Amino acid sequence: AAAARGTADLAGLRILLSAGGTREPLDPVRFLGNRSSGKQGVALAEAALSRGATVTLVTAHLEVPVPGGAEIHPVETAEQLRTEMNALLGGADIVIMAAAVADYRPREVAEGKIKKDATGDVLTLELVKNPDILAELAANRAPGQVVVGFAAETAGSREELLELGRTKAARKRADYLVVNRVGWTEGFATDGNTVVVLDGAGHIVIEATGSKLSVAHSILNVLAEAGRSNHQ
Ligand code: CTP
Ligand code: CA
């Protein structure tokens, strides 16, 4: 289907979206982060707004400006993102987890700055696993709510990428998983993207390549269809 730009085909649809990369504090001046720019999530918000949707955007660290017209809820850590998403879940028709969530956080956050004189030549950090927000949202969704995840994979081939995506789709139990390849030079902070959208059973729904905005429109085309069939 052609991208439905310039039409209000998503009017009345409430989209809850997370974007950016979470930051897990080590001490008052340091954090563990990731290379997510938030560009694909923000592009989704912009595309959805331009098509008439109501967008609630939960933002972890972003390298790009937030779009005008969205309700913004800023967060830092995975735990804060989880709290915010769960609080907002009830008011959403579609939930999209585009944020890059830290898989682990430091077990302890130092009250004061960690000093190198006190730690020696090697510093060992103990990390604990963060909760899987997407899996939790998918488990808690009401009938008719559509839950969408992203999967960032460093796959060597298309086959491996699809295999990793299918395994993740099965584990997350989301309605859709947007799979894209990432690497040292791919995926982050770039203006373009290539994605494969899988359904909950791991079947390919669409593939899209182009600017992050055009990829966003392609993803929304799938969700517009899903939203319509749910409301029938
Ligand atoms: N995600 C989440 N909570 C986490 C980790 C990830 O909600 N603690 C979400 C991301 O926002 C994304 C999806 O799960 O929508 C997949 O994230 P990804 O990092 O690709 O998968 P993981 O399950 O974390 O597995 P791994 O990083 O080991 O590949
Ligand atoms: Ca992860």
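Residues numbered from 1 in each chain as written. Chains lettered and ligands numbered in written order. Predicted model: local features only at pLDDT ≥ 70, side-chain atom pairs only at ≥ 80, totals over all residues. Heavy atoms only, no water.

Identification of the protein as Coenzyme A biosynthesis bifunctional protein CoaBC from Subtercola boreus is taken from an unreviewed UniProt entry.

Topic: the side chain of Thr 77
By the secondary structure assignment, Thr 77 is in the loop between strand 5 (71-74) and helix 2 (78-88). Those residues within four positions of Thr 77 in sequence are excluded, and the remaining contacts are Thr 22, Arg 23, Glu 24 and Pro 25. (Helix = DSSP H or I, 4+ residues; strand = E, 2+ residues; numbered from the N terminus. Contact = heavy atoms within 4.5 Å.)

As for the environment of Val 222
Along the polypeptide, Val 222 turns up in helix 5 (residues 212-231). A C-alpha to C-alpha distance of 52 Å links Val 222 and Thr 119, two positions 103 residues apart in sequence. Once you skip the residues sitting within four places of it in the chain, Val 222 turns out to touch Tyr 176, Val 205 and Ile 206.

Details of the UniProt feature "binding site: CTP" (unreviewed entry) in the protein
Those places that UniProt annotates as "binding site: CTP" (unreviewed entry) correspond, in this numbering, to Asp 103, Lys 113, Pro 131, Asp 132, Ile 133, Leu 134, Phe 150, Lys 168 and Lys 172. These annotated residues cover 70 residues of sequence, and their C-alpha atoms sit far apart, with the largest distance between any two at 37.6 Å. Take Ile 133: it is sitting in helix 3 (residues 133-140). You can call Ile 133 buried: its relative accessible area is 3%. With residues near it in sequence (within four places) discarded, Ile 133 still touches Ala 78, Leu 81, Arg 82, Met 85, Met 97 and Val 101. You can see Lys 172 is positioned in helix 4 (residues 158-172). In this structure Lys 172 comes out as buried when scored by relative accessible area, which is 13%. (UniProt positions renumbered as here; feature names shortened; annotations may be inferred. Buried < 20%, exposed > 50% of the residue type's maximum accessible area, 1.4 Å probe, protein only.)

Some words on the site of ligand 1
The immediate surroundings of ligand 1 are formed by 15 residues, with Met 97, Ala 99, Leu 134, Lys 168 and Lys 172 found nearest. At 3.3 Å, a side-chain N or O of Arg 171 approaches an oxygen atom of ligand 1. Interatomic distance of 2.7 Å between a side-chain N/O atom of Lys 172 and an oxygen atom of ligand 1. In isolation ligand 1 offers 560 Å² of accessible surface; the protein chains occlude 79% of this area. Those elements that provide at least two residues to the shell around ligand 1 are helix 3, strand 9 (146-153) and helix 4. Sorting elements by how many residues they give to the shell around ligand 1 places strand 9 first, with 4 residues. Here the residues of the shell around ligand 1 sort into 9 nonpolar, 1 polar and 5 charged. (Near = heavy atom within 4 Å. Polar contact = N/O pair within 3.5 Å; in protein donor to acceptor, adjacent residues only side chain to side chain. Areas by Shrake-Rupley, 256 points an atom, 1.4 Å probe, with all protein chains shown as cover. Nonpolar A, V, L, I, M, F, W, Y, C, P; charged D, E, K, R; others polar.)

Re the pairing of strand 4 (residues 54-59)
The element strand 4 is largely enclosed, with a buried count of 5 among its 6 residues. Bridging between strand 1 (residues 14-19) and strand 4 involves 6 bridges; their strand directions are parallel. In the sheet register, Ile 15 faces strand 4, and the bridge partner there is Val 55. Pairing analysis gives 4 bridges linking strand 4 to strand 5, with the strands arranged parallel. In the strand pairing of strand 5, Leu 57 is matched with Ile 72. (Pairing = 2+ DSSP bridges.)

Let's talk about the nonpolar core
Core analysis: the largest hydrophobic core is formed by 35 residues, its most contacted members being Ile 96 and Leu 223. Of the residues forming this core, the biggest block, 8 residues, is contributed by helix 5. Ignoring sequence-local partners within four residues, the contact set of Ile 96 consists of Ile 15, Leu 16, Leu 17, Ser 18, Leu 44, Val 148, Phe 150 and Leu 223. Membership of the second largest hydrophobic core comes to 26 residues, among which are Ala 60, Val 147, Leu 162 and Val 179. (Core = buried A, V, L, I, M, F, W, Y, C linked by side-chain atoms within 4.5 Å.)

A look at a nonpolar patch on the surface
The grouping of Tyr 104, Leu 123, Leu 125 and Leu 127 at the surface amounts to a nonpolar patch, some 350 Å² of accessible area in total. One can find Leu 123 in the loop between strand 7 (104-106) and strand 8 (127-129). (Patch = residues over 30% accessible without salt bridge, like charges linked within 9 Å, V, L, I, M, F, W, Y side chains within 5 Å. Salt bridge = Lys/Arg side-chain N within 4 Å of Asp/Glu carboxyl O.)

Let's talk about the sheet that holds strand 12 (residues 204-211)
In spatial order, the strands read 5-4-1-6-9-10-11-12; together these 8 strands make up an open sheet with mixed pairing. Two strands in the sheet have a free side with no partner beyond their single neighbour: strand 5 and strand 12. Strand-to-strand twist in this sheet, taken as the mean axis angle between neighbours without regard to direction, amounts to 15°. Pairing analysis gives 4 bridges linking strand 1 to strand 6 (residues 94-97), with the strands arranged parallel. Across the sheet, Ser 18 pairs through a bridge with Met 97, a residue of strand 6. Set on the sheet, helix 1 (residues 39-50) makes contact with strand 1, strand 4, strand 6, strand 9 and strand 11 (192-199); between it and strand 1 the angle comes to about 160°. Where helix 2 meets the sheet, it contacts strand 1, strand 4, strand 5 and strand 6, and its direction lies at approximately 160° from that of strand 4. (Axes fitted to C-alpha atoms, helices over the stretch in contact; angles between N-to-C directions.)

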